[in-house]
Amino acid sequence: MSNYSIKDLEVLSGIKAHTLRIWEQRYNIIAPERTDTNIRKYTSEDLKLLLNISLLNQNGYKISKIANMSAEQMYNEVISITDKNAKYPDQIHALTLAMIDIDEARFEKVMARNIQQFGLERTMINIIHPFLTKIGLMWQTGTINPAQEHFISNLIRQKLIVAIDGQYNTPQPGNKSYLLFLAEGELHELSLLFTHYIIKSRQQKSIYLGQSLPFDDLVDTYKNHKPDYLVSVLTSVPGPNEIQRYIKRLSEAFKDATVLLSGYQVVGQDIDTPKNVIILNKVDDLIELVEGE
């Protein structure tokens, strides 16, 4: 696993680099290694420690008290907070630690508690989606390795598949139909699976084609089923230099349908959207559209 900088820690923990430097000097909480040019470099253990410090500090613990805790005391306090505290950031923190430690029991406990309290849909929107965004940042900085990312993604995927399986319904006349797919080369499936769940739970017809679908196969399926909407999540593919051309291709190939797009490559980007293309900036945009049908 790669080392990462103080700036990476700032992004991941929410603690300003300036504050972290002061804590290092005054309390000796973290003692990072340094490069030959005297630049700080942090390990995954440093990250876990700082995440715990951040959560305790945000929950009213003074840094002077935290500095005097043993690693075990700190861990036990964090577990106590996340077990009894329903605040979303604390639950995201608990999932982050479960991922770093590859702790399935911890993941299951967090998910079960939140699904029982909020339901699957709100748990996904308020906890899992921000958590997945955080994973994206951690992946980019090398904070997590493929095993950790695959571990947590597959556990979330299992929850979604079980929930989708429980949404069997008989489409009614007049219901809209949605064709869900990921572009060829795109493997990040969780957001699309959640979209599938949302559509099916609203008694609409959802045709799920999944990961890495060749464009010609998408065209053939569209011709056979004539869906009202095509839905895709563009997380990493196509890349920034290709995305505008890809959107234009979708628009022209499916002129009689509405194309719904979300994901990192389009949300918040300077995208020119044709008339039959809609960018969904948040999950609630999708819910509003589906429920309005």
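Residues numbered from 1 in each chain as written. Predicted model: local features only at pLDDT ≥ 70, side-chain atom pairs only at ≥ 80, totals over all residues. Heavy atoms only, no water.

Draft legend 1. Representation of the packing of helix α3 (residues 44-58) against helix α6 (residues 88-101) within the structure. Two elements in contact, α3 and α6, have axes whose closest approach is 11 Å; the angle formed by their N-to-C orientations is 165°. The angle between the axes of α3 and α6 places the two elements in the roughly antiparallel class. Considering how the two elements wind past one another, α3 and α6 form a crossing that is left-handed. Between α3 and α6, the contacting residues are L47, K48, L51, N52 and L55 on the first element and D90, H93, T96, L97, I100 and D101 on the second. For the contact of α3 with α6, a count of residues per class yields five nonpolar, three polar and three charged. (Axes fitted to C-alpha atoms, helices over the stretch in contact; angles between N-to-C directions. Helix = DSSP H or I, 4+ residues; strand = E, 2+ residues; numbered from the N terminus. Parallel < 35°, antiparallel > 145°, perpendicular 65-115°, else oblique. Left-handed = near helix turned anticlockwise from the far one by under 90°. Contact = heavy atoms within 4.5 Å. Nonpolar A, V, L, I, M, F, W, Y, C, P; charged D, E, K, R; others polar.)

Draft legend 2. Structural detail: the sheet that holds strand β7 (residues 277-279). Strand order in the open sheet formed by five strands is β4-β3-β5-β6-β7, and the pairing between neighbours is parallel. What marks the edges here is a single partner per strand, and that holds for β4 (205-208) and β7. Recorded for the sheet is a direction-independent mean angle of 20° between the axes of neighbouring strands. Summarising the sheet, strand β5 (residues 229-233) and strand β6 (residues 258-262) pair through five bridges and their orientation is parallel. Note on β6: the bridge partner recorded for V231 is L260. Here helix α11 (residues 215-225) sits on the sheet in contact with β3 (177-180), β4 and β5, set at roughly 165° to β3. (Pairing = 2+ DSSP bridges.)

Draft legend 3. Representation of the nonpolar core within the structure. Ranked by internal contacts, the top residues of the largest apolar core, which has 70 residues, are I156 and Y178. Per element, the largest residue contribution to this core is eight residues, and it comes from helix α8 (residues 120-140). If we skip the residues at most four places from it in the chain, I156 touches F107, M124, I128, F131, L132 and L190. The next biggest cluster of nonpolar side chains, apart from the first, holds 23 residues, and it includes F181, F215, L234 and V277. (Core = buried A, V, L, I, M, F, W, Y, C linked by side-chain atoms within 4.5 Å. Buried < 20%, exposed > 50% of the residue type's maximum accessible area, 1.4 Å probe, protein only.)

Draft legend 4. Main features of the environment of Q148. By the element assignment, Q148 lies in helix α9 (residues 146-165). We classify Q148 as buried; its relative accessible area is 5%. Within polar-contact distance, the side chain of Q148 engages the backbone oxygen of I100 at 2.8 Å. (Polar contact = N/O pair within 3.5 Å; in protein donor to acceptor, adjacent residues only side chain to side chain.)

Draft legend 5. How the structure looks around the side chain of E149. Mapped onto the secondary structure, E149 falls in helix α9. R157 provides the closest opposite charge to the buried, salt-bridge-free E149, at an N-O distance of 11 Å. Those residues in contact with E149 that sit more than four places away from it in its chain are I135, W139 and I144. (Lys, Arg positive; Asp, Glu negative; His and termini not counted. Salt bridge = Lys/Arg side-chain N within 4 Å of Asp/Glu carboxyl O.)

Draft legend 6. Highlighting unusual backbone geometry. For the bond running from V237 to P238, omega is -5°, close enough to zero to count as cis. The residue P238 is located in the loop between β5 and α12 (243-253) in this model. In this model, N38 sits at a positive phi of 70°, which is unusual for a non-glycine residue. With respect to the helices, strands and loops of the structure, N38 is situated in the loop between β1 (33-34) and β2 (40-41).

Draft legend 7. Examining the pattern of salt bridges more closely. Following the criterion strictly, the structure yields 11 salt bridges and no others. The residue K7 makes a salt bridge to E10 at a minimum N-O spacing of 2.6 Å. Within this pair, K7 and its partner E10 are both found in helix α1 (residues 6-13), separated by three residues, close to a single helical turn. Taking the shortest distance from any N to any O, the salt bridge between E33 and K41 comes out at 4.0 Å. Classification of E33 as partly exposed rests on a relative accessible area of 46%. Through salt bridges with shared partners, a single ionic network connects E45, K48 and D101.

Draft legend 8. Summary view of helix α2 (residues 17-27). Within the span of α2, buried status applies to A17, L20, W23 and E24. Down the axis of α2, the buried set is contained in an arc of 120°. They therefore lie on one face. The exposed residues of α2 that point more than 90 degrees off its buried face are H18, Q25 and R26. Phi for N28, located one or two positions after α2, is positive at around 55°. (Arc of directions from axis to C-beta.)

Draft legend 9. Highlighting the side chain of R106. Tracing the backbone shows R106 in helix α7 (residues 104-118). Assessed through its relative accessible area of 10%, R106 is described here as buried. Within polar-contact distance, the side chain of R106 engages the side chain of T82 at 2.4 Å. Residues within four places of R106 in sequence aside, it is in contact with I79, T82, D83, A94 and A98.

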